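# Observations on the three-dimensional arrangement
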Protein chains: 2
Amino acid sequence: MEVGALLTSAGINIALCAVLFSLYSILRKQPSNKIVYFGRRLASVCLRSDDHFFLERFVPSPSWLLRAWEASEDEILAIGGLDAVVFQRLLIFSIRAFSIVAIFCIFVVLPVNYYGKDMQHKNIPSESLEVFSIENVKSNSRWLWTHCFGLYIMSIAACGLLYFEYKRIAKMRLAHVTRSPPNPSHFTVLVRSIPWTPGQSYSDSVKRFFTDYYGSDYLSHQMVYECSILHKLMRDAEKVCHLIKTGPMDGSDPRPCCFCASSTTSFKILSRESGSVGDGISFTDLNLASPENECPSAFVFFKTRYAAVVATRMLQTANPMLWVTQMAPEAQDILWSNLSIPYRQMWLRKIATILASAVFMFIFLVPVTFVQGLTQLDKLSRTFPFLKGILKKEIISHVVTGYLPSVILMLFLYTVPPMMMLFSSVEGHVSRSRRKRSACVKILYFTIWNVFFVNVLSGSVISQLSLFTSVRDIPTELAKAIPSQATFFMTYALTSGWASLACEVMQLFPLLCNLIKKFILLDSEDSSYWLMTFPYHTEVPRVLLFGVIGFTCAVMAPLILPFLLFYFAMAYLVYRNQILNVYLKIYDSGGQYWPIVHNTTIFSLVLTQIIALGVFGIKESPIASGFTIPLIISTLLFNEYCRQRFLPAFRKNAAQVLIEMDRRDEDSGTLREIHQQLQSAYSQMPLAPRKLCDSGKTPQDKVCDPEAVKPGVEASECNAVCDYKIEEST
Amino acid sequence: MEVGALLTSAGINIALCAVLFSLYSILRKQPSNKIVYFGRRLASVCLRSDDHFFLERFVPSPSWLLRAWEASEDEILAIGGLDAVVFQRLLIFSIRAFSIVAIFCIFVVLPVNYYGKDMQHKNIPSESLEVFSIENVKSNSRWLWTHCFGLYIMSIAACGLLYFEYKRIAKMRLAHVTRSPPNPSHFTVLVRSIPWTPGQSYSDSVKRFFTDYYGSDYLSHQMVYECSILHKLMRDAEKVCHLIKTGPMDGSDPRPCCFCASSTTSFKILSRESGSVGDGISFTDLNLASPENECPSAFVFFKTRYAAVVATRMLQTANPMLWVTQMAPEAQDILWSNLSIPYRQMWLRKIATILASAVFMFIFLVPVTFVQGLTQLDKLSRTFPFLKGILKKEIISHVVTGYLPSVILMLFLYTVPPMMMLFSSVEGHVSRSRRKRSACVKILYFTIWNVFFVNVLSGSVISQLSLFTSVRDIPTELAKAIPSQATFFMTYALTSGWASLACEVMQLFPLLCNLIKKFILLDSEDSSYWLMTFPYHTEVPRVLLFGVIGFTCAVMAPLILPFLLFYFAMAYLVYRNQILNVYLKIYDSGGQYWPIVHNTTIFSLVLTQIIALGVFGIKESPIASGFTIPLIISTLLFNEYCRQRFLPAFRKNAAQVLIEMDRRDEDSGTLREIHQQLQSAYSQMPLAPRKLCDSGKTPQDKVCDPEAVKPGVEASECNAVCDYKIEEST
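Residues numbered from 1 in each chain as written. Chains lettered and ligands numbered in written order. Predicted model: local features only at pLDDT ≥ 70, side-chain atom pairs only at ≥ 80, totals over all residues.

### Here's the deal with the overall build of chain A
Defined as follows: Helix numbering and strand numbering both begin at the N terminus, where a helix is a DSSP run of H or I of at least 4 residues and a strand a DSSP run of E of at least 2. Exposed residues have 12 or fewer other C-beta atoms within 10 Å of their own C-beta, buried residues have 20 or more, and residues in between are partly exposed; the C-beta atoms are placed from the backbone. Placing C-beta atoms from the backbone, we regard two residues as in contact once those atoms come within 7 Å.
Counting secondary structure elements, chain A contains 33 helices and four strands. Expressed as a percentage of the 730 residues in chain A, the buried residues total 44%. Nonlocal contacts in chain A, meaning residues at least 24 apart in sequence, comprise 83% of its contacts between residues at least 6 apart.

Here you go:
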C-alpha cells in the first residue's frame, strides 16, 4: 500500500468520525434521545425535561468532550465503580506508554528506516509504506542499534508504568474494600454441593453443619430454590404488567392487580392447578420455598467478615466435592439460574466450554482468510474475473485494499461477543461479573489470535495449518510478516479503532430502536429499555488488541503510532463520556480486570521482543540480537515479581484488613444493623404481585432505578430484570 | 537385535542377580555387616549380637524374601510411614496393571504380531525381535483391532486401578492424620518475611501481630536464629566428640567434657573471643538467641489445629510478600539452613532452579547420544576403525549391543540424583520431605526425557534438535521409533532394572565402606554412619520410568512385559526388605508421592494412546485410529475428575477433621499436655555440651536413635546430624 492509499483511508475515517461526533453532539441535545444518551443519569436523577425549541439544539458543539475531560477519577469511581476506573487506567497507561515510544520512534527510528537504503526517494504521497518500516534498513546495518535501543525504551517505559499502575490499583482496591459501606456479600458464603441426608432437608443439613463447626460465627442461612418456576412466573408477571401498561392509561392511579387481566400461560396453569387462585393471592402461597424445591446450595451468613472468609478458605470435609464454599457475589451480581447447576458438573462444563471456544476460534479462520485475500488485489481479480474492470479504477482499488477488509472483519467480529458470553454462561459462573470477565478473557484470546496472528501469518488457510509444523520458525515468520503487515494494522486502527469509537458514542442500535419506537410506533413514553452495564467484555479486549498491535509495530513500523495515539486519546474521552452518561453500574468486580491487562501487556512486550530477535536475525545483527535476549528474560522476571507482589491481593482479602473492618463496625455498633440487613439481602423470591405493578412505572423503570439498588429484595430483582434485557441487547 | 542377543543379556543378568541375591543372603548373616543391612533395626531395637561361627552363616537362603513377603501393610506403615506404603502401592499397582495387560498381550497380540506377515519364520533364537512387534503386522491388516482392543483393556485396567488406589491412599492419609499421636506440627505455623519495625525486635513484632489478630488462638512463638554459627559449633562439637571417641577407650565411663580436649577452630576462636570459656560453659551464655541473630522467620504455636490451619490459609496483610504463613513441617523434617533464606528470594530461586535443571537435562544429551550410538554397531566401527576386528566376534557384538549401552547409561545416571538434590536445596524448601519430593519430580522429568524420549527419538544430537522443528510429526516419529526401540528398553529393563535391584539389596557402597573400615582401618566399633532415609527421589522415578516403558511398549512389542513383571515383583520384595531392615523413617510427607505417581501414569497412558494413533495411521487402519481418539479424551477426563475429587485432600486438611480432633483432645484433656510439649518441640538450640558427649555413644549413635525422635530438643538435633550424613551418602 502507498502513503496515498493510507491517506485515503485516514481521510474517510476522519471525515466519518467528525460527522458522527457532530451528529452525536446534536442528537444528544434532543429530548427524545435522552433515553439513549443519558440512560444512567435518567436512572439515577430526574433530568429536567426541556422540550422547548431553540437553535442551539441543532448546532454541533464539543462541550461533551470538555465535560468528559473535566470529570475527576473520584467521580468516575463513584459513578462507574472500580472497574470503570481500571478501564480508564488502561487507557491512560496506553497513552503514556505509547507517547514515550512515539517520541523516540518517530524522531529517531523513522528517519533511520527511511534513509536505511541507498535509494531514490519518490515524493512522499506515492511512496510505499514499506519504506518507513524496518524492511527498508539494509542487512547488517550499524543503525540497527536504534531499533534495539527503541526496544529497551519501550520495555522499560511499559514495565515501569505497569508497575506503578498495578500498585495504584491494588491500593484503590484496598480502599474500595475498606471504605465502601457495609456490604452483605462480605458476610456471606455461598455453599454448594450440600450432601443429601435421608430424612433431612438440605436446609437442616446446612444448619447442623455450620452450627456444629462454625458455631460461634454462624448467623443464619438461606437456601437456593429451583429457579425455573420462579423465573417463568416473573417473566409472565412482567408481560402482564406490560400489557396493562400499554392498555388504557389512567395517570398515576394504582392499577388493578395484574392477575385479573392475565391471560398468559403460567398464570392459567397456576389457576387451574391450585384451584383457589383469586384476587388476593400472594407468592408465598405457592409454596416455592418448600424442601422439595431446594437446591443443594445455600447462602450462609456469618457474624463477621473474617469468619466468612475463613469458611471459604477451608476445605470443609475430607471429600473435596462436598460442602464447597466460596465468597458469595453481591446480591445484584448473582446469576440465579446458574446456582442450581450441580457443582460436580462444573469441571466438565469448564472443559467443554474451553474446547468449544477453541473450536469456534479456528472455525473463524474462514472469514479472516477471505478478508486477508482482499488486500491482495491480483488474487481477488483472478478469483472473480468480472471484478477486473472495477478493480483497475484507482479509487476503488484504494477503498478495497485500504478500507473494505477491516470493515468486513469488524462485521464478522460482532458475532463473537454474544457467542463467548453464551459459552461463559454455560460454563456455570454464579455471578454476572465473573461471567463477563470470563467472556472478556475468551474474546481477548479470540481477538489476538484471529485479528493479530492469523492476519500476520496467513495468506491462505493451508499456509496457516502448515504453520503448526514448524515451531522454531515462528519468530522468523513473525519477523518477516510484521513489518509488511503493519499496513493492514494501520488501516485496522483507522477503521475498527476510530470508527468503533464513533459507533460507541452514537449508540447506533439503541438510537435506531428509539427512533422506530417514537416515530413509527408512535410510542411517546420513555422506557429504560436500553439501560446497559458497561460492556467490558468487548471493550477491554479491543483496547488491549490495539496495545498488542502498537507494541509489536512500534519499532518495526513506527508510522502506526500517531494513529494509535489518536485512538487512545479519543477512546479516553469517549469512554469517560459513556461511563458518565450511558452505562449503569449494577455490579463491580473490584478491579479484577487489571491482572488481565497486565498479563496481556507483558505478553505483547515479550512477543515484540521475540519478533525483534527474529528481525535482527534476518538483518544479520548479532549485537542487537544479543542485547534483546536479556531484555526478554528481565521482562519475564518482572512479570513474575508482579505476580508475587500484587496478584494475591486481587484474589483474596487480607485478614488484617477484614479484622479491622469488623472491629470498627463492632465498636460503632453497626454490626447488629448489618446482621439484620443480611437476612433479606439475598432474596430469590419475587416481589409480591401487587407491589410489582403498584406504581405507574413499568417494572423495568422501577427496578432499574439505581437508588433501589440497595441490599434487599428489590435490588436483586431489579438486577434480574435489568440484565435479562441487557443480555438481549448485547 | 536377535532373540539370541536378548537371551544372552537376560542370561547375564539372571546369573548376576542370582549371585548377588545369594551373596546378600550370606552377607546379611555376618555380624560385621549388621550395620549395613539392619541399620533401621539396630537403630530402633538392640539386635542380639551373635558372633558365633556356624555353618548356616555361609549358606545362601531365601528366607529374607519370605520374611519380606510376610510383612503386613500395617507393619510397613508403622515402620516406614505412609510414604513407604505409597511406594508399595505403586509397585502393587504396577504388578496388577501389567499382569492384566500381559495376559492379553502375550496370548493375543503376540501371536498376531508373529504371524502378521506372510514370511518364512526362522527358528526362534535367531529370529529378530522385530518379528514380535507391531512392525511385523502388514499395513491395513484386519487384525489391528486386537491392538486397539489391547489399548482399551490397558487403559481401562490402569484407570480403574488408579482410581481405587487414589481412593485408598486418600483414606489412608486421612487415617494417618486422625489416628497418629498428637503432632506438634499440626499446631504450628511457620511465619516468614516478618517486616522490620524500627526499635522492635522481630520477636516483639510477631507477638504483637498474632496477639492482635489471632488473640484467642495464639499460644506462643519461637524465633528462628541465624544458623551459620550454630551449625559450625555443632559440627565442631561432633568432630571433637569423634576425636575423643577414637582416643583411648575407657568403657562406659562418662568422658571428660569435650571442650577440655578441643583443638578445632571454632572452639579456639570462641575461647579467645569470649575470654571466659571454661569447663562449665553452657550454650546459652553464647547469647545466640539475641535479637541481633533473629531471622525474620518464626514458629507460631496455636491452641488448636484448626486455628493453625486458618492462619495458614489467610492472606495476612494487604502486601502478600509480608507475614507469609504456611504449616510448619514436623520438627525432624525441618531444613534449618533454608529457614534463614529471605522469602522474597524464593520466586527467583525457584525460576533459577527450574532453568538450571532444564539446562542440565539438555547437556546430558551428549552421553545419551553416545550410548545410543553403541546399539548401531556399524556406525561405531566406522568411527573407531580399530574396533572392527573385535566387534565382528559374535559374543562381543551381543554384549556391546545388548548390555554395554544400558550399563554406561546407568553409570551416567548416577550423577543425576545428587545434582537434582542440590538444585532442590538451592530452591529453598524448608523441609527435607519437600526437598526430596521436589528432587523426585526433577529426576522424574529428567529420566523420562533422557532415557525415554531421547533414546526413542535420537540417533544423533543433530537429529534431536531438528525434532523441535516439527511438532505435528512427533506422533508419527514416536510411532516409527517405539516398536524398534523396544529392544533397547528390554535390555534396559534387564540391566538398569534387575541389576539396580540387586545393587539396592547389596548396598554395595556402604558394604564396601564398612569392609574398608573393619578390615583395613581395623575399626571394630559399629557406627551408624550409613543410616539412611528411603531414597524416594531416586526409586520413585525409576519405577515410574519402567511404568512408562511398559505402557508404551505393551501393545507394540509385548515381549517386554514378562521382563517388566519380573522386575516389579522383585522390586516389591526387595523394597519391602529394605524398608523393614535398612532405611530409617525420620520424616514423612503423608502420601504426597501418590499424585506424582498418578499424573505420571496418566501421562504414560496418553502418550501410549498418541503413539498408537500414529502407528494405526502408519498401518493405514482408520477404524483403529478412530477408536483411539475417544480413549484419549476419556483418559484426560478421568484424570481431571481425579484431580477434582482427590487432590485437594492431599493439599489441605479438612476443617471437619481438624475440629473433631481438637474436640477429642479437649474432651480427653490432652490438649494442655500438647500445649506444654509445643514449647520445646521446635528447638533450634543445640544440646548443652555436656549432654552431647555424655554417654558412651557417638553423637550419631545417640541422636539417630528413632526412639529419641520425639518432639523435643533431641529430636530436631538428631535429625540435623543424621541428615547431614545422609546428604553425604546420596
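### Points about the interface of chain B and chain A
For an interface, size is often stated in terms of accessible area lost upon the parts coming together. What counts, and what does not: By the convention adopted, Pro, Cys, Tyr, Trp, Phe, Met, Ile, Leu, Val and Ala count as nonpolar, Lys, Arg, Asp and Glu as charged, and the other residues, Gly among them, as polar.
Across the contact, 30 residues belong to chain B and 29 residues belong to chain A. Of all elements in the fold, only helix 11 (305-313), helix 13 (346-363), helix 27 (622-645), helix 28 (647-651) and helix 29 (655-668) of chain B reach the threshold of two or more residues within the side of chain B that touches chain A. Residue classes in the side of chain B that touches chain A are distributed as 18 nonpolar, six polar and six charged.

### Re the sheet that holds strand 4 (residues 324-327) of chain A
All names here are of chain A. We apply this condition: Strand pairing is defined by DSSP finding a minimum of two bridges between the two strands. Fitted lines through C-alpha atoms serve as axes, helices being fitted only where they are in contact, and the angles separating the N-to-C directions of these axes extend from 0 to 180 degrees.
Spatially, four strands are ordered 2-3-1-4 in an open sheet, and the strand pairing comes out antiparallel. The open sheet has two free edges, formed respectively by strand 2 (218-225) and strand 4, since each of these has just one partner strand. Averaged over neighbouring strand pairs, the angle between their axes works out to 25 degrees when direction is ignored. Direction of pairing for strand 1 (residues 188-192) relative to strand 3 (residues 294-302): antiparallel, over a ladder of four bridges. In the strand pairing of strand 3, Val191 is matched with Ala298.

### Details of the relation of the copies chain B and chain A
Our working rule: Only residues with pLDDT of at least 70 in both copies count here: their C-alpha atoms drive the least-squares fit that superposes the copies.
The operation relating chain B to chain A is a screw motion whose rotation component is 180 degrees, with 0.0 Å of axial translation and a residual RMSD of 0.1 Å. In short, the pair behaves as if placed about a two-fold rotation axis. Interface residue correspondence from chain B to chain A reaches 97%, placing this contact among same-surface, isologous pairings.

### Comments concerning the pairing of strand 1 of chain A
Residue and element names in this part refer to chain A. Across the five residues that make up strand 1, a large majority, five, are buried. The side-chain alternation of strand 1 yields two buried faces, one formed by Thr188, Leu190 and Arg192 and the other by Val189 and Val191. Where strand 1 meets strand 4, four bridges bridge the pair, whose relative direction is antiparallel. Residue pairing in the sheet places Leu190 in a bridge with Gln326 of strand 4.

### Topic: the sheet that holds strand 2 (residues 218-225) of chain B
All names here are of chain B. Pairing within the open sheet is antiparallel, and its four strands lie in the order 2-3-1-4. Looking along the sheet, the strands with just one partner apiece sit at the ends: strand 2 and strand 4 (324-327). Across the sheet, the mean angle separating the axes of adjacent strands is 25 degrees when strand polarity is ignored.

### Overview of unusual backbone geometry
Glycine aside, a negative phi is what most residues show, and trans is what most peptide bonds show. One non-glycine residue, Ser193 of chain A, lies in the positive phi region at around 55 degrees. Position of Ser193 of chain A relative to the elements: it lies in the loop between strand 1 and helix 7 (202-213). Overall, the presence of 18 C-beta atoms within 10 Å leaves Ser193 of chain A in the partly exposed class. A positive phi angle is found at Trp323 of chain B, which is not glycine, with a value near 50 degrees. Note on placement: Trp323 of chain B falls in the loop between helix 11 and strand 4.

### Some details on the pairing of strand 3 (residues 294-302) of chain B
Residues and elements named next belong to chain B. Burial analysis of strand 3 places eight of its nine residues in the buried class, the great majority of the element. Bridge analysis of strand 2 against strand 3 gives six bridges, and the strand direction is antiparallel. If you follow Met223 over to strand 3, its bridge partner there is Ala298.

### Considerations on the packing of helix 5 (residues 73-114) of chain B against helix 6 (residues 144-179) of chain B
All names here are of chain B. What counts, and what does not: An angle counts as roughly parallel when it lies under 35 degrees, as roughly antiparallel when it exceeds 145, as roughly perpendicular when it falls between 65 and 115, and as oblique in every other case. Here a crossing is called left-handed whenever its near helix is offset anticlockwise from the far helix by less than a right angle, and right-handed whenever the offset is clockwise.
Contact geometry of helix 5 with helix 6 gives a least axis separation of 10 Å together with a crossing angle of 165 degrees. Judged by the inter-axis angle, helix 5 sits roughly antiparallel to helix 6. The two elements helix 5 and helix 6 cross, and the hand of that crossing is right-handed.

### Some thoughts on the packing of helix 22 (residues 474-506) of chain B against helix 26 (residues 593-618) of chain B
Residues and elements named next belong to chain B. Across the interface, helix 22 lies against helix 26 with an axial gap of 8 Å and an inter-helix angle of 85 degrees. Between helix 22 and helix 26, the interaxial angle falls into the category roughly perpendicular. Counting all contacts with helix 22, which are made through Pro475, Thr476, Leu478, Ala479, Lys480 and Ile482, the residues of helix 26 involved are Ile610, Ile611, Leu613, Gly614, Val615, Gly617 and Ile618. Residue composition of the contact of helix 22 with helix 26, grouped by class: nine nonpolar, three polar and one charged.

### What about helix 26 of chain B?
Defined as follows: Here the expected span of a helix is defined as 1.5 Å times the quantity of residues minus one.
Taking 1.5 Å of rise per residue, the 26 residues of helix 26 of chain B would be expected to cover 38 Å, and the 37 Å separating its terminal C-alpha atoms lies within 8% of that figure. Once helix 26 of chain B finishes, Glu620 of chain B follows within two positions and takes phi at roughly 55 degrees, a positive value.

### Some details on the environment of Val85 of chain A
Residue and element names in this part refer to chain A. Mapped onto the elements, Val85 comes out in helix 5 (residues 73-114). The buried category is assigned to Val85, around which 25 C-beta atoms lie within 10 Å. C-alpha of Val85 to C-alpha of Asp74: the two residues are eleven residues apart in sequence and 8.8 Å apart in space. If near-sequence neighbours (up to four positions away) are discounted, Val85 is found in contact with Glu73, Ile76, Leu77, Gly80 and Met172.

### Quick look at the environment of Pro367 of chain A
Relative to the assigned elements, Pro367 of chain A resides in helix 14 (residues 365-374). Put simply, Pro367 of chain A and Leu409 of chain A are 42 residues apart on the chain and 7.5 Å apart in space, counted from C-alpha to C-alpha.

### What to know about the confidence of the model for chain A
Our working definition: Residue-level confidence of the predictor is what pLDDT reports, using numbers from 0 through 100.
On average, residues of chain A score 78 in pLDDT, and 78% of them reach the 70 mark or higher. Here residues 459-465 of chain A scores under 50 on pLDDT; set against residues more than four positions off or in separate chains, the count is nine contacts.

### Considering the environment of Glu394 of chain A
Within the secondary structure layout, Glu394 of chain A lies in helix 17 (residues 394-402). In this structure the C-alpha to C-alpha distance between Glu394 of chain A and Ala5 of chain A, which are 389 residues apart in sequence, comes to 9.4 Å.

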